[in-house]
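Residues per chain, in single letters:
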Amino acid sequence: MHHLSTAVRRAAGCLVALAAVVALAAAPASATNDRHIDIRGLAQCDAVAGQWVVTWELTNHADVAGTIGNVRAYPASRPLVGLPSRIEPGETIRGEQRLLATEYTGEILFDVNWDDGPVTYDHHWPIYIYLRCGA
């Protein structure tokens with residue numbers, strides 16, 4: 001009988017441990033995972049200048065504001081200009097990048113320092129242009 005009660009206690013202990021693991025797995029994600037920025041690139045042809053004008057839009061879907069930092073735009077020789085460094089909850093901010101008419105891809109990468117502490121890294125989005133720009 002003693003062996004049976006020991007086996008029952010061990011089984012009960014295993015169930016409690018398993019329940020704790022399941023509870024941890026089902027716990028809500030950390031606040032860092034709730035940080036969502038939509039990124040969109042819109043290209044328009046400036047035939048006179050022989051360039052693609054790419055407007056990059058960032059929309060903050062988090063409940064907290066953040067500071068945009070470590071911004072990288074590619075091709076590296078084509079800077080991103082006019083992008084504000086702050087983004088409020090629900091806000092969309094924009095910056096502009098000019099590519100040569102013969103350049104059909106670009107990309108933006110950045111980090112966000114959220115006002116409540118977390119930092120999210122390497123938000124990125126490419127753009128692929130399938131049209132021809134120019135005469």
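Here is a short report on the structure shown in this document. Each chain carries its own residue numbering, running from 1 in the direction its sequence is written. Since the coordinates come from a predicted model, pLDDT governs what is reported: local features require at least 70, and pairs of side-chain atoms require 80 or more to be given and counted, while whole-chain, interface and lining totals use all residues. Each side-chain value is derived from all of the structure's non-hydrogen atoms; neither hydrogens nor water enter the calculation.

Examining the sheet that holds strand β4 (residues 80–81)
Using the following cut-off: A strand pair is defined by DSSP finding two or more bridges across the two strands. Helix and strand definitions here come from DSSP, where helices need a minimum of 4 consecutive H or I residues and strands a minimum of 2 consecutive E residues; each element is numbered from the N-terminal end.
Reading across from one edge, β1-β2-β6-β4 is the order of the four strands in this open sheet, with antiparallel pairing throughout. Unpaired on one side and paired on the other, β1 (37–46) and β4 mark the two borders of the sheet. Sheet topology note: the strand β2 (residues 51–60)/strand β6 (residues 92–100) ladder contains nine bridges and is antiparallel. In the strand pairing of β6, Leu58 is matched with Ile93.

Here we look at the pattern of salt bridges
Rule in force here: Each reported salt bridge corresponds to a side-chain nitrogen of Lys or Arg within 4 Å of a carboxyl oxygen of Asp or Glu. Residue exposure (1.4 Å probe, protein chains only): buried if accessible area is under 20% of the type maximum, exposed if over 50%, otherwise partly exposed.
Scanning all chains against the criterion turns up nine salt bridges. For Arg86, the salt bridge is made with Asp115, and the minimal N-O distance between the two is 2.8 Å. Of this pair, Arg86 sits in strand β5 (residues 86–87) while Asp115 sits in the loop between β7 (105–114) and β8 (119–128); the two residues are 29 residues apart in sequence, bridging distant segments of the chain. A relative accessible area of 31% means that Arg86 is categorised as partly exposed. Assessed through its relative accessible area of 46%, Asp115 is described here as partly exposed. Between Arg98 and Glu96 there is a salt bridge, with its nearest N and O atoms 3.6 Å apart. Accessibility expressed as a relative area gives 32% for Arg98, which makes it partly exposed.

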